[in-house]
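# Residue-level structure breakdown
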Amino acid sequence: MDFIEGLKAKAREGKARIVLPEGLEERTLKAADVILAEGFAEIILIGNPDDIKKSATTFDLRNIDKAKIVDPDNHEKLEAYTQFLYELRKNKGLTMEQAARLVRDPLYLGPLMIKNGDADGEVSGAENATGDVLRPAFQIVKTLPGISVVSGAFIMILKDKEFGDNGIMIFADCAVNPDPDALQLAEIAVSSAITAKSIAGIDPRVSLLSFSTKGSAKHALVDKVVEATEKAKAMRPDLMIDGELQADASIIEAIGKKKAPGSKIAGKANVLVFPDLQSGNICYKLVQRLAHAEAIGPILQGMAAPINDLSRGCSVSDIVNLVVITCNQALGLK
Ligand SMILES: CC(C)(COP(=O)(O)OP(=O)(O)OC[C@H]1O[C@@H](n2cnc3c(N)ncnc32)[C@H](O)[C@@H]1OP(=O)(O)O)[C@@H](O)C(=O)NCCC(=O)NCCS
Ligand SMILES: CC(=O)OP(=O)(O)O
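Residues numbered from 1 in each chain as written. Chains lettered and ligands numbered in written order. Predicted model: local features only at pLDDT ≥ 70, side-chain atom pairs only at ≥ 80, totals over all residues. Heavy atoms only, no water.

Per an unreviewed UniProt entry, the protein chain goes by the name Phosphate acetyltransferase and belongs to Xiashengella succiniciproducens. In its Pathway (unreviewed entry) section, the UniProt record describing the protein chain reads: "Metabolic intermediate biosynthesis; acetyl-CoA biosynthesis; acetyl-CoA from acetate: step 2/2." Entered under Catalytic activity (unreviewed entry) in the UniProt record, the comment concerning the protein chain runs "acetyl-CoA + phosphate = acetyl phosphate + CoA". (UniProt positions renumbered as here; feature names shortened; annotations may be inferred.)

Now the structure itself:
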């Protein structure tokens, strides 16, 4: 059984309730149809019910009637959620009028449903930018205890099975933190190791990437990665973490041996931690497009409930895959 089919089988056991706030978006609707046909999740679509039904007919989607549809302008919990949001955010200056407007925004409604126990997880971002998906999630669902920085990881499924574990690697942070400091980078490395084990099912070998390997270059940007590596090792001495390593030294055995002799990670890394969001986001997209890798994510690491983002460039199968991951996260938290 391949990786995704294995996760689908697990998801089927618990049938998590996944809310899709972009219920009128074409790829999202098509993905919902596939998921409902395969029966591994319950789907909640946010959007005007008549418009959703019209689109389902236009796209010839036969399973959408199995979804629960929530009209953001007219549902039984509108007032309760408005009051809830107001209470939650009034100390941040939110007024009742603003709360009443925000609860009609599907990107706020999804996290509100999760926080109130009406859904188990959310996937969105096929048409909205990442920041717009993240802000309501951060404000309403917040982070797991002990986590100060949420980050975005991709499970990369490479065509070349020689890399990672049978072609599976984790790349992070590719989505959230534009310029993490050393402590944040260390936390991202630890969270990525946890994602590798708990979601991808691989034993993490984490490399903190740089343009330098073990002192081959001197620069403040390199110092940050060196410090982050030390902090990550101190946070979790039980994990296999090393840095600073260049990309080739991380994944090519002969180069790892030459540039970082003695490193247990060099040449064998299956979790790549990028020094900032410029490098992480650029790199995952290049590997996805040039090497035709599947990129599943960004999976948000460290959220108190599974809320995951999509790239606006996603395909229907990318959405299905991320819903599978979200179901598995939700079942893991139950
Ligand atoms: C994540 C992001 C949306 C935060 O936006 P922001 O407007 O600067 O947010 P703020 O600093 O005002 O914080 C808003 C809330 O989110 C929380 N937050 C922000 N970043 C966070 C993080 N990485 N982890 C956890 N919480 C975070 C803040 O603590 C704050 O909570 P509060 O309002 O309850 O106090 C912003 O960093 C961003 O846009 N990142 C890049 C996203 C992107 O474009 N990625 C590329 C494509 S995937
Ligand atoms: C994850 C990501 O890069 O999202 P987008 O392509 O929508 O900016």
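So, about the overall build of the protein chain. From N to C terminus, the protein chain includes 13 helices and 11 strands. The C-alpha radius of gyration computed for the protein chain amounts to 21 Å, which stays within 12% of the reference 20 Å derived for 334 residues, consistent with globular compactness. Projected onto the principal axes, the alpha-carbon positions of the protein chain cover approximately 65 × 45 × 30 Å. For the protein chain, restricting intrachain contacts to residue pairs at least 6 apart in sequence, the fraction spanning at least 24 positions comes to 72%. Accessible area of the protein chain: about 14,700 Å², with a carbon and sulfur share of 53%. The average position of the 40 basic charges and that of the 45 acidic charges among the side chains of the protein chain differ by 3 Å. (Helix = DSSP H or I, 4+ residues; strand = E, 2+ residues; numbered from the N terminus. Rg over C-alpha atoms; globule rule 2.2 N^0.38 Å. Contact = heavy atoms within 4.5 Å. Areas by Shrake-Rupley, 256 points an atom, 1.4 Å probe, with all protein chains shown as cover. Lys, Arg positive; Asp, Glu negative; His and termini not counted. Charge placed at Lys NZ, Arg CZ, Asp CG, Glu CD.)

Let us look at the packing of aromatic side chains. Each aromatic ring pair is characterised by the separation of its centres together with the angle its planes make. This model, assessed by the stated rule, comprises two aromatic pairs. Measuring from ring centre to ring centre gives 3.8 Å for Phe154 and Tyr284, while their planes differ by 20°; the resulting arrangement is stacked. Here Tyr284 lies in helix 12 (residues 277–290) and Phe154 lies in strand 5 (residues 151–157), a separation of 130 residues in the sequence. Comparing Phe154 with Tyr284 shows no difference in burial state: the two are buried. Their ring planes at 70° and their centres at 5.5 Å tell us that Phe171 and Phe274 sit as a pair that is edge-to-face. Note that Phe171 is positioned in strand 6 (residues 168–172) and Phe274 in the loop between strand 9 (271–273) and helix 12, a separation of 103 residues in sequence. Note on Phe171: relative accessible area 3%, which makes it buried. The ring of Phe59 carries the charged tip of Lys30 above its face, separated from the ring centre by 5.1 Å. (Phe/Tyr/Trp six-rings, centres within 6.5 Å; stacked < 30°, edge-to-face > 60°. Buried < 20%, exposed > 50% of the residue type's maximum accessible area, 1.4 Å probe, protein only. Lys NZ or Arg CZ within 6 Å of the ring centre and 35° of its normal.)

In the vicinity of ligand 2, the residues found are Thr130, Asn281, Tyr284, Lys285, Pro298, Leu310, Ser311 and Arg312. With respect to ligand 2, the side chain of Ser311 contributes an N or O atom lying 2.7 Å from an oxygen atom. The side chain of Arg312 places a nitrogen or oxygen atom 2.8 Å from an oxygen atom of ligand 2. When the free accessible area of ligand 2 is taken as 260 Å², the share hidden by the protein chains comes to 87%. Considering each element in turn, the shell around ligand 2 owes the most residues, three residues, to helix 12. (Near = heavy atom within 4 Å. Polar contact = N/O pair within 3.5 Å; in protein donor to acceptor, adjacent residues only side chain to side chain.)

Looking now at the site of ligand 1. With respect to spatial proximity, 19 residues lie near ligand 1, and among them Arg89, Lys92, Val150, Ala175 and Asn177 are the closest. Between ligand 1 and Arg89 there is a distance of 2.7 Å, counted from an oxygen atom to a side-chain nitrogen or oxygen. Relative to its unbound accessible area of 940 Å², ligand 1 is 61% covered by the protein chains. Elements that contribute at least two residues to the shell around ligand 1 include exactly helix 7 (130–140) and helix 12. No other element matches helix 7, which puts five residues into the shell around ligand 1. In terms of residue class, the shell around ligand 1 is built from nine nonpolar, six polar and four charged. (Nonpolar A, V, L, I, M, F, W, Y, C, P; charged D, E, K, R; others polar.)

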